[in-house]
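Here's the letter readout for the chains.
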Amino acid sequence: MVDNLKYYNDSLAYDFEMFMPRSAEPVRKDNIVKLPETKHQKHARRRAVKRVSASAFAVMTAVFMLAAMCGNIFLRLQINEVNSKINTVKSEINALTSEKTRLEVELERVISYSNIELEAAEIGMQKMDKNQVKYIRVNDKNTAITKDGDLIASSNN
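The structure contained in this document is the topic of the report that follows.

Criteria and thresholds
As a convention, each chain's residues are numbered from 1 in the sequence order in which they are written. Under the rules for a predicted model, residues below a pLDDT of 70 receive no local features and side-chain atom pairs below 80 are neither given nor counted, while totals for whole chains, interfaces and linings still include all residues. Water and hydrogen atoms were dropped before computing side-chain values, which therefore reflect all heavy atoms in the structure. Runs of H or I in DSSP of at least four residues are treated as helices and runs of E of at least two as strands, each being numbered from the N terminus. Buried, partly exposed and exposed residues are distinguished by accessible area as a fraction of the type maximum, computed with a 1.4 Å probe on protein chains only: under 20%, between the cut-offs, and over 50%, respectively. All accessibility values rest on the Shrake-Rupley procedure with a 1.4 Å probe; residue burial counts only the protein chains present in the view. Salt bridge, as applied in this entry: a Lys or Arg side-chain nitrogen positioned within 4 Å of an Asp or Glu carboxyl oxygen. Note on definitions: a residue-residue contact is assigned when non-hydrogen atoms from the two residues lie within 4.5 Å. Each patch is built from residues lacking any salt bridge and having more than 30% relative accessible area; the joining distance is 9 Å for like charges and 5 Å for nonpolar side chains (Val, Leu, Ile, Met, Phe, Trp, Tyr). Counted charges follow a simple rule, with Lys and Arg positive, Asp and Glu negative, and His plus the chain ends left uncounted. A charged residue contributes its charge at one atom only: NZ of Lys, CZ of Arg, CG of Asp or CD of Glu.

### Description of the overall build of the chain
- Regarding its fold elements, the chain presents three helices and two strands.
- Secondary structure elements of the chain occur, N-terminal to C-terminal, as α-α-α-β-β.
- Expressed as a percentage of its 157 residues, the buried residues of the chain come to 0%.
- About 16600 Å² of surface is accessible on the chain, with carbon and sulfur atoms providing 61% of the total.

### A word on the pattern of salt bridges
- Scanning the model with the defined rule gives three salt bridges in all.
- E99 is paired through a salt bridge with R102; the nearest N and O atoms lie 2.6 Å apart. Highlighted residues: E99 and R102, both in helix α2 (residues 39–111), separated by three residues, approximately one helical turn.
- The shortest N-O distance in the salt bridge between R102 and E106 comes to 3.1 Å.

### Considerations on helix α3 (residues 113–122)
- The element α3 is largely exposed, with a buried count of zero among its ten residues.
- One or two residues past the end of α3 sits G124, with phi positive at roughly 95°.

### Side note on the environment of I145
- Mapped onto the elements of the fold, I145 is located in strand β1 (residues 143–145).
- The exposed category is assigned to I145, whose relative accessible area is 64%.
- Residues in contact with I145, not counting those within four places in the same chain, are D150 and L151.

### Side note on a positive patch on the surface
- Together, K39, K42, R46 and K50 make up a positively charged patch on the protein surface.
- Tracing the backbone through its elements, the reader meets R46 in helix α2.

### Regarding a nonpolar patch on the surface
- Taken together, the side chains of L107, V110 and I111 present a nonpolar region at the surface, about 280 Å² in accessible area.
- Counting through the fold element by element, V110 comes out in helix α2.

Below, the structure written as structure tokens:
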């Protein structure tokens, strides 16, 4: 076997400069000079920020109120449309109920007993009298002969 550890240790390179303290190089700043602000300028800037934030708050409040009113109007329109549809259906129901009642009254009038009697009298029909009834006698065998000569027998024995 080859001793790889020997090659491994020999080929390592260390960069010790990474661990050394850095020299203090001056950091280059831009050539912008800031003047100290006066109290008046600070207050003026704060007031401007407050004015802007107050006006932004007022605008946002107005937008919110406008959106709420538009939403309210839209929902009221939807409710009115649904109510008008409900009223239309109710009026149709009332009309159909009255039509049903009218048809029931007409049906009762057409099929009433007195109307049937009047119609029967108009076509020449009359109530049956006792003299129109014909009685037949059957013998003990419960058989009868018809007009055509056929024999009819009763099944009761």
